[in-house]
Amino acid sequence: MRSETLPASENEGGEQTIAPASPAALFLAFTLLALQGFGGVIAVAQRVLVEQRRWLTRDQFIEILALAQVLPGPNVCNVALMTGDRFFGWRGAFAALGGMMALPLMIVLGVAAAYSQYAADAVVAGAFRGMGAVAAGLILGTALKLASALGSNPMGVRVCWIGGTGVFISVALLRLPLVWVLLVLGSLGCAFAWSRLRAAGVAED
Amino acid sequence: MPITDWLILSGHFLLLSLLSIGGAITVAPDMHRVMVDEMALITDAQFSASIAIAQASPGPNVLFVAVMGYQAAGIAGAVVVLTAIMLPSTTLALLAARWGQARRHWLSVRAFKAGMAPLVVGLLFATGWILAASIDGWHHVLLTAVTALLVWRTRMHLLFLIGAGALLGAFGWV
């Protein structure tokens, strides 16, 4: 697949990225990616889009994920949409989203039809529990990887730690509504980043 | 299902789509209110099974909405509610991404990206924590921790890890 891709381009971070060859390549890549995502697709998306295909840098992935998370809608679907749009406009957006949804939709409906027969089986229930534990680990491992990208954040590592820990405590431990957490901590973070960037000489809009 | 029910259901899901910040799962309590309590289209057990089925299947978790629609009204139900929950948020995401991409050098856009980045990472830690905590018992914590380490430090295939988890679970070791 990598051999059919367009020439590499240099972006702001200096990391090399490669553009997908066509909307069909996007559709196929997102289908394969979605099929590997049990209990959540974010971990696989990071692995495939950043590390394997190199369509996005780690920073670009975080940017897209940030926007995907503050906007309504399923995060991974928004990530697919925005990644596809970046390369081929709306055709790419729908190719990526379609790839992410089409085959998994058929599979999940098949599982739903079969589920009632096997739900009580101890082996099946155990396998589901084991996969759930791994799915949690996949997301935590991805978070650890992306955390190292924060080293270049204009707010500085210490402030990033405070912000990230604040979100974790509010959402995971206190179980506060996400909307309020993002509204309060998000506007604090953006205001601080704004003042840091302006102090560093970035011109105002 | 009468046509008025289809309209009420899809209208409600179109609205919920715009409220689903953090994913469709965040509006699941309101879907429960409408589909189980008010319209009695599915039972309580069917509702929780829908979420479990989607999590154990490959693909985005939003597919739990399709499973609920399927249990209420077959394939047509799945297609209608899934389209309704996706359409408004998808349109908004596309417009917002283009707006931001065209203005990516603006101070405010760069401040948004920098300010949100640590929160995104914190949110991923929170999601992993909540998923791990939703499993009964504590034997699985070691499996979760080892998986996190392997994902962080190695390039081991993710499907291999999922398969290992399924096997350990099937033999009753976690």
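Because the structure is a prediction, the values reported are computed rather than measured. (Residues numbered from 1 in each chain as written. Chains lettered and ligands numbered in written order. Predicted model: local features only at pLDDT ≥ 70, side-chain atom pairs only at ≥ 80, totals over all residues.)

Novice: What is the right way to read the overall build of chain A from this model?
Specialist: When helices and strands are counted, chain A shows seven helices and two strands. Its helices and strands in sequence order give chain A the pattern β-β-α-α-α-α-α-α-α, from N to C terminus. Across its three principal axes, chain A shows a C-alpha extent of roughly 65 × 45 × 25 Å. Within chain A, buried positions represent 53% of all 205 residues. A sequence separation of at least 24 residues applies to 53% of the contacts in chain A between residues at least 6 apart. (Helix = DSSP H or I, 4+ residues; strand = E, 2+ residues; numbered from the N terminus. Buried ≥ 20, exposed ≤ 12 C-beta atoms within 10 Å, placed from the backbone. Contact = placed C-beta atoms within 7 Å.)

Novice: Would you mind showing me how to read the overall build of chain B here?
Specialist: When helices and strands are tallied, chain B shows seven helices and zero strands. In chain B, the order of α-helices and β-strands from amino to carboxyl end is α-α-α-α-α-α-α. Projected onto the principal axes, the alpha-carbon positions of chain B cover approximately 55 × 55 × 25 Å. Taking all 174 residues of chain B together, the buried fraction comes to 49%. Across chain B, contacts joining residues at least 24 apart in sequence account for 45% of those joining residues at least 6 apart.

Novice: Looking at this model, I keep getting lost on the environment of Ala96 of chain B. Mind explaining?
Specialist: Relative to the elements of secondary structure, Ala96 of chain B occurs in helix α4 (residues 63-102). The sequence separation of Ala96 of chain B and Met1 of chain B amounts to 95 residues, and the corresponding C-alpha distance is 36 Å. Not counting the four nearest positions on each side in its chain, Ala96 of chain B is found in contact with Leu67 and Leu71 of chain A.

Novice: Teacher, can you tell me more about the interface of chain A and chain B here?
Specialist: Many descriptions give the size of an interface as the accessible area lost when the pieces come together. Counting residues at the interface gives 94 residues for chain A, matched by 85 residues for chain B. Put simply, the parts of the chain that give the side of chain A that touches chain B at least two residues each are α1 (23-35), α2 (42-52), α3 (58-70), α4 (75-118), α5 (122-147), α6 (157-173) and α7 (178-199) of chain A. The element that contributes the greatest number of residues to the side of chain A that touches chain B is α5 of chain A, accounting for 23 residues. In terms of residue class, the side of chain A that touches chain B is built from 65 nonpolar, 21 polar and eight charged. (Nonpolar A, V, L, I, M, F, W, Y, C, P; charged D, E, K, R; others polar.)

Novice: Could you clarify how one ought to interpret the packing of α2 of chain A against α5 of chain A in this entry?
Specialist: Between two packed helices, both the angle of their axes relative to each other and the distance between the axes serve to describe the pair. Residues and elements named next belong to chain A. Where α2 meets α5, the closest approach of the two axes is 8 Å, and the angle between their N-to-C directions is 45 degrees. When the axis of α2 is compared with that of α5, the two are oblique. Judged by the twist between their axes, the crossing of α2 over α5 is left-handed. In this structure, α2 uses Ile42, Ala43 and Gln46 to contact α5, whose residues at the interface are Leu138, Ile139, Gly141, Thr142 and Lys145. Looking at side-chain class alone, the contact of α2 with α5 contains four nonpolar, three polar and one charged residues. (Axes fitted to C-alpha atoms, helices over the stretch in contact; angles between N-to-C directions. Parallel < 35°, antiparallel > 145°, perpendicular 65-115°, else oblique. Left-handed = near helix turned anticlockwise from the far one by under 90°.)

Novice: Please explain helix α1 (residues 3-19) of chain B as it appears in this structure.
Specialist: What sets the pattern is the α-helix's 3.6 residues per turn: residues three or four places apart point alike. Residues and elements named next belong to chain B. The terminal C-alpha atoms of α1, which comprises 17 residues, lie 25 Å apart, in line with the 24 Å expected from a rise of 1.5 Å per residue. Taken as a whole, α1 has its buried residues at Leu9, His12, Phe13, Leu16 and Ser17. Seen end-on, α1 carries its buried residues on one side only, within an arc spanning 150 degrees. Turned more than 90 degrees away from the buried face of α1 sit Ile3, Thr4, Leu7 and Gly11, all of them exposed. (Expected span 1.5 Å × (residues − 1). Arc of directions from axis to C-beta.)

Novice: Is there a simple way to explain the packing of α7 of chain A against helix α5 (residues 107-133) of chain B in this structure?
Specialist: Two numbers describe how α7 of chain A lies on α5 of chain B: the axes approach to 7 Å, and their chain directions differ by 125 degrees. One way to sum up the angle between α7 of chain A and α5 of chain B is to call them oblique. In terms of crossing hand, the pair formed by α7 of chain A and α5 of chain B is right-handed. Contact residues: α7 of chain A offers Leu182, Leu185, Gly186, Gly189, Cys190, Phe192, Ala193, Trp194, Leu197 and Arg198 of chain A, while α5 of chain B offers Leu107, Ser108, Arg110, Ala111, Phe112, Ala114, Gly115, Met116, Pro118 and Leu119 of chain B. Looking at side-chain class alone, the contact of α7 of chain A with α5 of chain B contains 14 nonpolar, four polar and two charged residues.

Novice: Where do I start with the confidence of the model for chain A in this structure?
Specialist: Detailed reading of the predicted coordinates is not advisable wherever pLDDT is low. All names here are of chain A. Per-residue pLDDT for chain A has a mean of 86; in total, 91% of the residues score no lower than 70. Mean pLDDT per element in chain A: strand β1 (residues 9-10) is the minimum at 48, and α1 is the maximum at 95. Counting interchain partners and residues more than four positions distant, the pLDDT-below-50 stretch residues 1-8 has 11 contacts. (pLDDT = per-residue confidence, 0-100.)

Novice: Would you explain the environment of Gly22 of chain B in this entry?
Specialist: The topology assignment puts Gly22 of chain B in the loop between α1 and α2 (28-38). For Gly22 of chain B and Leu123 of chain B, which are 101 residues apart along the polypeptide, the C-alpha to C-alpha distance reads 9.4 Å. Contacts of Gly22 of chain B, omitting those with residues within four sequence positions, involve Gln69 and Leu178 of chain A.

Novice: Sorry, what's going on with helix α6 (residues 140-153) of chain B here?
Specialist: Compared with the 20 Å implied by 1.5 Å per residue over 14 residues, the 20 Å span of α6 of chain B between its first and last C-alpha is a close match. Here the buried face of α6 of chain B lies against α2 and α5 of chain A together with α5 and α7 (158-170) of chain B.

Novice: Before we go on, may I ask you to explain unusual backbone geometry in this structure?
Specialist: With the exception of glycine, the majority of residues adopt a negative phi angle, and the majority of peptide bonds are in the trans configuration. Of note, the phi angle at Arg175 of chain A is positive, near 55 degrees, even though the residue is not glycine. Mapped onto the elements of the fold, Arg175 of chain A is located in the loop between α6 and α7.

Novice: Would you take a moment to explain the nonpolar core for this structure?
Specialist: The nonpolar side chains of a soluble globular protein tend to be buried, and buried together. Grouped together as the largest cluster of nonpolar side chains are 128 residues, with contacts concentrated most on Ile139 of chain A together with Val65, Ala66, Val67, Val81, Ile85 and Val120 of chain B. Looking at which element gives the most residues to this core, the answer is α4 of chain A, with 18 residues. Inspection of this core shows a minimum of three residues originating in each of domain 1 (1-114) and domain 2 (151-205) of chain A. When near neighbours in sequence (up to four residues on either side) are disregarded, Val65 of chain B contacts Ala24, Val81, Leu82 and Ile85 of chain B. (Core = buried A, V, L, I, M, F, W, Y, C linked by C-beta atoms within 7 Å. Domains from an automatic or database assignment.)

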